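Each chain is listed here by its residues.
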Amino acid sequence: MLRFVARRFASLLAVLLAVTALAFGAMNVLGDPLFNVVGFIASVDCDAVEAGLVEDVSGQTAGGRGDCEVIAEARREHHLDRALPVRYGYWLSDIVRGDFGTSFKNELPVSDVLRDKLPKSLLLMGVAQAIAVGVAVPWAVAAAYRAHRSFDRASTVGSFGLLAVPNFALGVILFYLFVVRWQVFDSRYDDTDLASRLRSMVLPGLTLGLPAAAVYQRLLRTDLLTTMQEDFVHMARAKGMSDRWIMFRHVLRPSLFSMVTVFGLSTAGMIGGSLVAEQIFTIPGIGRALVEAVIRDDFPIVLGGVVVVATGFVVVNFVVDLLYSLIDPRVRADD
Amino acid sequence: MAAGTRLRMPIFTRLCVVWLAVIVLGAVLADFVPGLQDPNHQGFLFGTSKTNDAPSWAHLLGTDNNSRDILARIVYGGRVSLVVAATAVATGTVFGMLFGCFVGYVRGKADAVVMSTVDVILAFPGLVLLLTVVTLLGRRDLVVIAAVVGFLSIPPYTRVARAQALAVSRREFVLAAEAIGTKKRTILFREVIPNCLPGCMGYALVNAAVIILLEGALAFLGLSVQPPTASWGNMVNAARVDIQINFWPVVWPSLALVFTVFSLNNVGDFIRRSRAVRSAAL
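Residues numbered from 1 in each chain as written. Chains lettered and ligands numbered in written order. Predicted model: local features only at pLDDT ≥ 70, side-chain atom pairs only at ≥ 80, totals over all residues. Heavy atoms only, no water.

### Examining the overall build of chain B
In terms of regular secondary structure, chain B is built from 9 helices and 0 strands. If you list the helices and strands of chain B from N to C, you get α-α-α-α-α-α-α-α-α. Projected onto the principal axes, the alpha-carbon positions of chain B cover approximately 80 × 50 × 30 Å. Counting every position in chain B, which comprises 282 residues, the buried fraction comes to 49%. Expressed as a percentage of contacts within chain B between residues at least 6 apart in sequence, the contacts between residues at least 24 apart total 73%. A total accessible area of about 13400 Å² is found for chain B, and carbon and sulfur atoms account for 67% of it. Looking at charge distribution, chain B has the averaged site of its 24 positive side-chain charges lying 11 Å from that of its 14 negative ones. (Helix = DSSP H or I, 4+ residues; strand = E, 2+ residues; numbered from the N terminus. Buried < 20%, exposed > 50% of the residue type's maximum accessible area, 1.4 Å probe, protein only. Contact = heavy atoms within 4.5 Å. Areas by Shrake-Rupley, 256 points an atom, 1.4 Å probe, with all protein chains shown as cover. Lys, Arg positive; Asp, Glu negative; His and termini not counted. Charge placed at Lys NZ, Arg CZ, Asp CG, Glu CD.)

### Points about the interface of chain A and chain B
Each partner contributes to the interface: chain A provides 42 residues, whereas chain B provides 33 residues. Between chain A and chain B the total buried area reaches about 3200 Å² when both faces are included, carbon and sulfur atoms providing 87% of it. Where chain A packs against chain B, one counts 0 residue pairs in polar contact (both at pLDDT 80 or more). At the level of elements, α1 (2-30), α7 (150-164), α8 (167-181), α12 (257-280), α13 (286-296) and α14 (299-327) of chain A are the ones that each hand at least two residues to the side of chain A that touches chain B. When residues in the side of chain A that touches chain B are grouped by element, the largest group, 8 residues, is from α1 of chain A. When its residues are assigned to classes, the side of chain A that touches chain B shows 36 nonpolar, 5 polar and 1 charged. (Buried area = accessible area lost by both parts, 1.4 Å probe. Polar contact = N/O pair within 3.5 Å; in protein donor to acceptor, adjacent residues only side chain to side chain. Nonpolar A, V, L, I, M, F, W, Y, C, P; charged D, E, K, R; others polar.)

### A closer look at the packing of aromatic side chains
If you walk through the whole model with that rule in mind, you get 17 aromatic pairs over all chains. Joined through ring pairs, the aromatic side chains of Y176 of chain A together with F247, W248 and W252 of chain B make up one cluster. When the ring centre of W245 of chain A is taken as origin, the NZ or CZ atom of R249 of chain A, which lies over that ring, is 5.1 Å away. For K184 of chain B, the ring lying beneath its charged end belongs to Y105 of chain B, and the centroid distance is 5.2 Å. (Phe/Tyr/Trp six-rings, centres within 6.5 Å; stacked < 30°, edge-to-face > 60°. Lys NZ or Arg CZ within 6 Å of the ring centre and 35° of its normal.)

### So, the packing of helix α2 (residues 70-106) of chain B against helix α5 (residues 142-168) of chain B
All names here are of chain B. Where α2 contacts α5, the axes come no closer than 5 Å and their chain directions differ by 35°. In the crossing of α2 with α5, the sense of the turn from one axis to the other is right-handed. Among the residues making up the contact of α2 with α5, the classes are represented as 20 nonpolar, 10 polar and 1 charged. (Axes fitted to C-alpha atoms, helices over the stretch in contact; angles between N-to-C directions. Left-handed = near helix turned anticlockwise from the far one by under 90°.)

Now the structure itself:
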């Protein structure tokens, strides 16, 4: 087991290296590296300023530094005259130490911004997954218990229908029903204490959780039906145990494998969905910060956000992999 | 394959095909549909229609908050979804299937390199990756969006095609071709790729649905094609502001998306099942 974990961990590190390299590389090949660190003043023509052809306007304000000084300093600090792989090395050693650069918007360190936003997004993910599992398990058990009957058929159509609803439409419709029409929830994110935070997370959690619940329900139902054919289930039934006891104590646990596997994959959908849900329900999380940074071309935030999100996603899948091998030892043997 | 072994298409799936045909024809022929209004015509400027108007004979689905005809915007908005989905499917099938079938058939080092690249690209959640690349390119018109979506479709198709190719290359006809000394390249193009094609097609429809939802989310965030060009996602986003006044401008484009995605999933699922029956009948 230890060797298995060690090998998986090594591959996790390799993937993380590749992921950060790709993010940094894309940022600097598709975008302008100087712009990425200093923002709009990157367009100042410093050669012309030095030659005295153009005045450095910002340098004249009371004691302020000239744009060209800022640019020259950024070039030094970020080693912009070095080759891309070298710069990646410097950048990587910076972010490992928690230095993601400075936001263009308010000059705050990106790491502070991320540290402020990350817990909210994580809470949202947690609530959404809890809702997804909480809805999917009873739904699947009820559907499998009376398979191919009217409830099961209706829930098949229902889950396919739910999968076809775009998360932004679901979010807007939930917002309309529960906030605008029935006024059950506030339209603003309430950050006073955990209870109010959780309350603010109900609707966005449903937005992300319901489509995931549909996926889980499909998989779990199929697995439950397979397990219900097993001898030990017939045995339990022959012993006269109640159906409820059999479904939850004997059938459910061995049927959870597929659901655990897609747990990691569904996280990707939820991360994408959280960009949308945080926008609709005004949650100040990573997703919203990322979208706002994209609109403002605030590249340090974009890069930091993308790296954090991708890292989180990779780590979740790593943990799911480990969990899966704990539940099912055959996975280790296959590897 | 004899026609008799084909799975009969259920009436519901036929309806889905009809809906998809209507959407495609509508998008292609939108300029020639009689009575369909200009999707960017703001009637209130000329006193001919009101903003957020209820459905009427003049505007079958009502008007949006700029007094534009919602039906026309949905028909034209379908263009964006379809162009993006079609590009994704075309690029994904051509390149993804080439790469995937190639590495799935030859295995070895090429396989390891291509698949680890694919894994790294797929390590980014789709919407985040799309958002970032579109931002970096700095332009948000249909060509750029479609190109980026097309490029990002290659990895998932590669993975699907590789899985197919792995299974196909163990089949007897491939072994037989190898035994009689057929060149590898010939086997790849004459035996492996044609046999991976049906599986990839089933995936293509499901993937088109995923892509349409992805573009919708991007448009909803205001980062896809820019207004006034209609797309289903940006219609929902624009209507969101006035949701207290009128709920329906949110519902119509959402329904268009739901029907389209549902139909693509349903038809894709049907193709997959009918293929399973056919391979069982072999």
